[in-house]
Amino acid sequence: MPVKFVRLVPAVLLSVAVSLSAADKPKPAPAASAETDPYAEVQPATETLDLAMYQRIRNEGLNHSHVMEFGSALLDGIGPRLTGSPNAKKANEWTRDTLTKIGLENAHLEDWGEFGLGWQQLNTWARLVTPDMAVLIVQATPWSPATNGAVTGDVVFVSIQDDKDFDKYKGKLEGKVVLLGAMREVPPVDKALFSRYTEKELDDLAELTVSANAGGIPPEMQARMRERMERLRMIDKIAQFFADEKVAAVIEPSRGASDGGGSGGVLFDDNGATLGRTPYIAEKRVKVPVVVAAIESYGRLYRLTQAHAPCSVEIDVETKFTGEHEHGFDTVAEIPGTDPKLKDQVVMVGGHLDSWIAGTGATDNGAGTIVAMEAVRILKALGVKPRRTIRIALWTGEEQGLFGSKGYATQHYGSAKTSTAPDQMQLPEFMRRAAGPLEVKPEQKLISGYFNVDNGSGKIRGIYTQGNSAIAPIFVQWMAPLKDLGVTALTNRNTGGTDHLSFDAVGIPGFQFIQDDLDYETRTHHSNQDVYERLQAADLKQIATVEAIFLYNASQRDQMLPRKPLPNPELEQKMREPLTGIFPGAVAPEEKK
């Protein structure tokens, strides 16, 4: 899951349009039935629940689970899965073949388009040489070039906040090991790094908060976005400056985490530690070796430089580029529907298969991948023959901008062009304004809904409706028999940062489950601690069981899941503009000639 500004984001960020071309076009799907209009279906007040099937699914999922076997095979057997890397390719092929082995049909890979550089970290190490010998905890940042053997250099601290700061360092950095980034506070770990939702917190989450802002984005969030974009603009210039100065290597400090979790040798290695906004694009590759250091390692180097004491480091970054124009792929497989009238309609489940490199991508998002696989395995093991087709999709490119799910949605369901205005091109794609209407394809009316897990290993406590209030009474009834498993919370709030947004943006019901945090935000999210040992087996069994029940219920209903009105991103800004001519006595200003 990419780093988010806030956990619960305003709806204005969630209905952004999707536009991504793909190299290979999938086979056209059958046209939607003329009788089927998912926007107009009348929904029953009472759900028909097969409680005997609830029991069978619970028994299989809780007592005969294979989710941890999937986990070890993926995490230990393959490892981290950076998009475009050889490991991502292995993971795509393994999930495709494993889904076939457990009985799914039409398991295949779908090409969502060109991604960029293929890259591997082979080995990275660093040690303090002067004034003492000491091992430093470091890893290469993704897409860093190699040092081509161990290099030793004097350590210097560099602070570049604006354009005038470059002159202070010009001609002084050749062969140096540069510290880039202020030393942060390292608070004591005086709270548990592992937590679950309290009942009060779930009750608070269920309350819908209404934004007082006309545009839906709070001013403080707008300020953070402007600050972040300005810093990203500077990063590109800093990276080129270091290359021109011929620095030996760059060391960045690992970011912090809540409750002091970003300490104790934990390091976070993601876009936040990368010297460049899009270092995976060949034309924008980083030209100097870059590593991220655990804060304790960085702190010692920083304090030595501030004391003007002799300080030198030996560092070896061993990385390998495996291609400049690698494509990204999604893994897709199905349990075919059996109802003559409904079999062309689809219920989907998924998570993202890609990860960062510091750990093995266990909680982010190996967990989401293996519970989706286990959910469909449960249904196959029980011999379920769903009325609608059940489809699993495992995405890549999620960490760089939901590329895999966006590409899939564009190919199958529709898209809207995004603005190419200069100010908009400075923003991540998911935040750009729409520059045209949403154009939908026939398949868009055939998807009942998409269910996603991407908040770590914590058990499901409920679900976000993503503002789809019509579905709330339905989910309440589905969850009632699951109360003893802790599934009780429902909120009409939106949540962001992961692949359900790609479906929501094209008018398809897309949902993310509410999960216990555990140590996801404090210790494992994009870190070197994101490994098998951080998975909670009991929680994962519960997740897979709940997902299987939601899939079964959605596949068996007479109606498709209710939808929000079709997004109209082109008109969103106009609809927020102030009304004109309502202020007493106001005179419209004359237009300038």
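First things first, this report covers the structure right here in the doc. (Residues numbered from 1 in each chain as written. Predicted model: local features only at pLDDT ≥ 70, side-chain atom pairs only at ≥ 80, totals over all residues. Heavy atoms only, no water.)

### Structural notes on the overall build of the protein chain
No. 1: The helix and strand tally for the protein chain stands at 15 helices and 16 strands.
No. 2: Compactness check: the protein chain gives a C-alpha radius of gyration of 25 Å against a globular reference of 25 Å for 593 residues, within 12% of the reference.
No. 3: Projected onto its principal axes, the C-alpha coordinates of the protein chain cover approximately 75 × 75 × 50 Å.
No. 4: Computing the positive centroid from 64 side-chain charges and the negative centroid from 77, the protein chain places the two 1 Å apart. (Helix = DSSP H or I, 4+ residues; strand = E, 2+ residues; numbered from the N terminus. Rg over C-alpha atoms; globule rule 2.2 N^0.38 Å. Lys, Arg positive; Asp, Glu negative; His and termini not counted. Charge placed at Lys NZ, Arg CZ, Asp CG, Glu CD.)

### Comments concerning the nonpolar core
No. 1: Within the largest apolar cluster, 61 residues are counted, with the highest numbers of intra-cluster contacts made by I392, F451, F475 and F550.
No. 2: Those residues in contact with F550 that lie beyond four places of it in its chain are F451, I463, F475, W478, M479, L482 and F513. (Core = buried A, V, L, I, M, F, W, Y, C linked by side-chain atoms within 4.5 Å. Buried < 20%, exposed > 50% of the residue type's maximum accessible area, 1.4 Å probe, protein only. Contact = heavy atoms within 4.5 Å.)

### Quick word on the pattern of salt bridges
No. 1: In this structure the tally under the stated criterion is 25 salt bridges.
No. 2: R196 is paired through a salt bridge with D539; the nearest N and O atoms lie 2.8 Å apart. Separated by 343 residues along the polypeptide, R196 in the loop between strand 5 (177-180) and helix 4 (199-206) and D539 in helix 14 (residues 537-556) bring together distant segments of the chain.
No. 3: Judged by relative accessible area, which is 36%, R196 ranks as partly exposed.
No. 4: The class for D539 is buried, based on a relative accessible area of 6%.
No. 5: In this structure, a network of salt bridges that share partners links the residues R196, E199, R461, D516 and D539. (Salt bridge = Lys/Arg side-chain N within 4 Å of Asp/Glu carboxyl O.)

### Digging into the packing of helix 3 (residues 86-101) against helix 7 (residues 362-381)
No. 1: Two numbers describe how helix 3 lies on helix 7: the axes approach to 11 Å, and their chain directions differ by 15°. One finds that helix 3 runs roughly parallel with respect to helix 7. Pair helix 3 / helix 7 crosses with right-handed handedness. Of the residues in helix 7, those touching helix 3 at W94, T95, T98 and L99 are T369, M373 and V376.
No. 2: A breakdown of the residues in the contact of helix 3 with helix 7 according to their chemical character gives 4 nonpolar, 3 polar and no charged. (Axes fitted to C-alpha atoms, helices over the stretch in contact; angles between N-to-C directions. Parallel < 35°, antiparallel > 145°, perpendicular 65-115°, else oblique. Left-handed = near helix turned anticlockwise from the far one by under 90°. Nonpolar A, V, L, I, M, F, W, Y, C, P; charged D, E, K, R; others polar.)

### Considering the packing of aromatic side chains
Aromatic rings in a pair are described by how distant their centres are and how their planes are angled relative to each other.
No. 1: For the structure shown, the criterion picks out 26 aromatic pairs.
No. 2: Taken together, a centroid distance of 5.9 Å and an interplanar angle of 55° make the contact between W395 and F503 tilted. You can see W395 sitting in strand 10 (residues 389-395) and its partner F503 sitting in helix 12 (residues 500-504), a full 108 residues away along the chain. Per residue, the accessibility class of W395 equals that of F503, and both read buried.
No. 3: Considering the side-chain rings of F451 and F513, the 6.1 Å spacing of their centres and the 25° angle between planes classify their relative orientation as stacked. Linking F451 in strand 13 (residues 447-452) with F513 in strand 16 (residues 510-515), this pair joins segments that are 62 residues apart in sequence.
No. 4: Ring pairs connect the aromatic residues W112, F115, W143, Y280, W356 and F403, which therefore count as one cluster.
No. 5: Taking NZ or CZ as reference, R255 lies 3.9 Å from the ring centre of F268, over its face.
No. 6: Residue placement shows R285 over the ring face of F321; its charged tip is 5.5 Å from the ring centre. (Phe/Tyr/Trp six-rings, centres within 6.5 Å; stacked < 30°, edge-to-face > 60°. Lys NZ or Arg CZ within 6 Å of the ring centre and 35° of its normal.)

Shape descriptors only; they carry no functional weight alone.
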